[in-house]
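One-letter residues, chain by chain:
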Amino acid sequence: MNNTGCLMELPGDDLRDRIAALLRIKYQRVWVEKRLTATTADVFFIDDTNPTFERPIAIEAKDWAGRLTSQNLASIANLYQPSLASREIDNLWIVGREPLSGSPRSTLDNLPHVRYSTYGEFCASLMNFSALLRNNTLVYEHDDVSKSYVHTRVKGSNKTLLAEVRDWIKSNKTGLMIYGGYGLGKTTFSLHLASVLSEEYQKGQFDRIPIRIALGGMYSKQDLTALICSALSSGEGGASVKDFSFGYFLEMNRQGQYLLILDGFDEMRHAMAIDDFVYTFEEMKPLFGDRAKIIILGRPDSFLTNSEEEAILGSLFDAKNEQLKKLAKVEVAFFSRDEIVGYLDAFLRKRGATLSPTEQRNYNILLQKIPDGDDGLLARPVQLSMFTKIIDECLSSNELINRYELYRRFIYGFISRESRKAARKLPPNPLLDDRADNDPRAEFMQAIAWWLLNVKKENRFEAEEVPIDIIPSAIKTGKTTITAIREAIVGSVIEPINQSGVLGSKAKRFYYFPHKSYLEFLIANYFESGSFKLGSYREFMEVINSEILTFIEEGPPSESGTPRGVSHLRQGLLGDLGQISPRVIEVCATDRNIAKEISDPGRHSRHPSTIYTHYFYMRENKVPADEYLIARLLDSKRYDSCLAIMNCIAAELSASGSQGLARSLIANCLTSISIHKMRQFMETGSPIQIFQVGSEGIRAAIAGSTIYSLSSGKRIRLDLNALGQLLANASHGLFYVPLTYSSANKEIEIATDVIAKAAGTDFEPMILRLAKKARWKTPLIPIRLIGDALTNLRL
């Protein structure tokens, strides 16, 4: 162990070669095994930092397990003495593994032009990380959470995340993915980890320099290289690494000198299209070489599917199987009941105030109601911290609050307190009531949250960047632009980014929402209280995520009892917004008016969003859906509505295997083809041609590509996998919800005579003849797509 933390094994010539590789990045003339007058230098280079006075320097690399003695140093110096005396070299630099003890250090002081460094000290001389290490500690110490930090645990275990990271560092894996939902303390842990390991490194107890980089800054940078260079050159308001060089950074990372902590890949994902997101992970690939150790933290929902996750993470390595060998994954746990109670008890003790009898009773009731499971209201550190800030208000009432109400009270309670200050009072507005979320500062916070998410695409901004038109008139009236912006920011939960440790820095001042969930709550407020045009609905659907949707779902009710945001969401879906996440439909399906809509279908539209929402409602509430689905199958005339109902039917069939529903679908599709065309096929054997897409065209396409004859025409099979793929292709560019089909039923078989009878007396004989003529496992009615049908259906 040494005071630089350089513990790695450097066998044989490895130390020499590593030293030479690093020097070649900075100096043009570097030699290995350079012959001098009386000996051979392990490494010889010309220090051309000052081209007028170049200095030849020899390096003796001593990769010895033990510390060098005074005799060792004297012997080495004697070998190089002729070269020093003749000025063949100006300096001798001895580089070893261990630091010198007292007596050898005294010996070295008496050897002119001879210096000794450990390998770690040699690396530090090329780039000085002292300011960064100190800044890592200061940034964490100035964060409020450091005063009451609760160690993050690994999901499904009592093991702390810090212990998991230490075990991973000792392993042969290169990368560690730390997944965690919003507010589970990922960023706090990354700050804590960087601080702890920085202190250990400076004490010689850890062998890597911890470097934490916030990936949320990717959007404003050209690429990952630019972000790293900016972060380590004080461009992000952090500490500057003296003599920073990206080439040195890559080489020393490859040699195992760093622990890279890349925080917030989910925030990077929000700001990027999927192709850019993939490209950025591909850019990380050079960081994962040789002895590198890299931690990446973020929300798991940044990856939409398991296959997308595997493909994107696989881009970090050369071969597909390397991901399993070199990448570990771990998930952050929610706080347990005991951790929540311990945190609250400690908070109340530290505060020193005694609870009143009413408060104590309500506190006891609260503790009894805390579930011992995942994702309770107080199981996320960010929400638990918020609760402590409004705990007096909550304990003085018997009312239990949900997550939406917790955020509302915390964020808008702050506004109410600010508004009561004389210097913060604004002119009264007769159009607003006295609710805090109608305060002009609330309006500003909602608008700036939307601007950050939709326009700027990062949770960070300079005051001068704020568009003046998003500042309410009550705030900006009678003020200069910059004064109005300052007033709006100061009276909100927006904070300046902490630049502790950069004393005297002239870096730009950035502001942000202290937690991304604040921004998501305000976006939900913005959506539920605003009036959107179609273009705004499209923009909203592009940036929406599960957390925003949950806030909308839990929001305040309208007169009908349905949250206002849910009603707005349903209204927006009528604008034909293309592919929509199933989670959006799940939220729409909480509308309390749906049961009435289903019971009186004549008064409601056949828009695909309505069909999907009704189906999700029935599925969630275990209402039998066959009757509704069959009715919509018969009366849906629009092409997109037809696609929607068939998608819902296919999903229902995959789960239930309902013979009646399958019979109705097959008969409906077969009877979309005229008897004349069926007869023509029977006579000529030529496939039936489909020229146009439409409700009839899609039904014919289903009949000709997913319905097969079996058992010499006695049975008919519906292929649900083929049906799902056809519907996905046919829905390209239209309103479409990708439903998950159950694996319980991939195919459904029905007796041919049952299908024929369901088709009606006009079609019954023809269907029986078609089934008998069709070959084994071939489509009952072959079709050929031509023109628009071929382009759109893409069978």
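Residues numbered from 1 in each chain as written. Predicted model: local features only at pLDDT ≥ 70, side-chain atom pairs only at ≥ 80, totals over all residues. Heavy atoms only, no water.

## Quick notes on the sheet that holds strand β2 (residues 40-47)
At step 1: Taken together, the five strands give an open sheet; going across it, the order is β1-β2-β3-β4-β5, and neighbouring strands pair in mixed fashion. The open sheet has two edge strands with one neighbour each: β1 (30-35) and β5 (114-118). Here the average twist between neighbouring strands, direction ignored, is 30°.
At step 2: Running at roughly 135° to β1, helix α1 (residues 14-26) makes contact with β1, β2, β3 (55-62) and β4 (91-96) of the sheet. (Pairing = 2+ DSSP bridges. Helix = DSSP H or I, 4+ residues; strand = E, 2+ residues; numbered from the N terminus. Axes fitted to C-alpha atoms, helices over the stretch in contact; angles between N-to-C directions. Contact = heavy atoms within 4.5 Å.)

## Comments concerning the packing of aromatic side chains
The geometry of two aromatic rings is summed up by the distance between their centres and the angle between their planes.
At step 1: Counting across every chain of the model gives 27 aromatic pairs.
At step 2: Between Tyr 119 and Phe 122, the ring centres sit 6.1 Å apart and the planes meet at 25°, which makes this aromatic pair stacked. Of this pair, Tyr 119 and Phe 122 are both found in helix α4 (residues 119-126), three residues apart, which corresponds to roughly one turn of the helix. The exposure classification of Tyr 119 matches that of Phe 122, with both residues buried.
At step 3: Each ring, one from Phe 246 and one from Phe 249, has its centre 5.8 Å from the other, and the planes form 20°; the classification is stacked. A residue pair is termed a helical-turn pair when its members lie 3 or 4 positions apart in one helix, as Phe 246 and Phe 249 do in helix α9 (residues 246-254) at three residues.
At step 4: Overall, Phe 249 belongs to the buried group, its relative accessible area being 0%.
At step 5: Aromatic rings pair up to connect Tyr 404, Tyr 407, Phe 410, Tyr 412, Tyr 518, Phe 521 and Phe 551 into one cluster.
At step 6: In this arrangement the basic side chain of Arg 460 is found over the ring face of Phe 510, its NZ or CZ atom lying 4.1 Å from the centre.
At step 7: The aromatic ring of Phe 681 is capped on one face by Lys 773, whose charged end is 4.8 Å from the ring centroid. (Phe/Tyr/Trp six-rings, centres within 6.5 Å; stacked < 30°, edge-to-face > 60°. Buried < 20%, exposed > 50% of the residue type's maximum accessible area, 1.4 Å probe, protein only. Lys NZ or Arg CZ within 6 Å of the ring centre and 35° of its normal.)

## As for the pattern of salt bridges
Opposite charge on two side chains permits them to pair, given that their charged atoms come into close proximity.
At step 1: Per the stated rule, a full pass over the model turns up 39 salt bridges.
At step 2: Between Asp 47 and Arg 55 there is a salt bridge; the shortest N-O distance is 2.8 Å.
At step 3: Using a relative accessible area of 10% as the deciding quantity, one classes Asp 47 as buried.
At step 4: As a salt-bridge pair, Lys 329 and Glu 310 come within 3.1 Å of each other at their nearest N and O atoms. Separated by 19 residues along the polypeptide, Lys 329 in strand β10 (residues 327-331) and Glu 310 in helix α12 (residues 306-314) bring together distant segments of the chain.
At step 5: What makes Lys 329 partly exposed here is its relative accessible area of 37%.
At step 6: Each member of the salt-bridge network shares a partner with another, and the members are Asp 13, Arg 16, Asp 17 and Glu 33. (Salt bridge = Lys/Arg side-chain N within 4 Å of Asp/Glu carboxyl O.)

## Thoughts on the nonpolar core
At step 1: With 174 residues, the main nonpolar core has Ile 178, Ile 411, Phe 513 and Phe 540 as its most contacted residues.
At step 2: Broken down by element, this core gets its largest block of residues, 11 residues, from helix α30 (residues 639-656).
At step 3: Beyond its immediate stretch of four places on either side in the chain, Ile 411 contacts Met 445, Val 493, Tyr 518, Phe 521 and Leu 522.
At step 4: Core analysis: the second largest hydrophobic core is formed by 56 residues, Leu 22, Tyr 119, Phe 288 and Leu 327 among them. (Core = buried A, V, L, I, M, F, W, Y, C linked by side-chain atoms within 4.5 Å.)

## Structural notes on the side chain of Arg 16
At step 1: Structurally, Arg 16 is set in helix α1.
At step 2: Within the structure, the side chain of Arg 16 is placed 3.0 Å from the side chain of Glu 33, a separation counted as a polar contact.
At step 3: What Arg 16 contacts, discounting residues up to four positions off in sequence, is Val 32, Glu 33, Asp 42, Val 43 and Ala 61. (Polar contact = N/O pair within 3.5 Å; in protein donor to acceptor, adjacent residues only side chain to side chain.)

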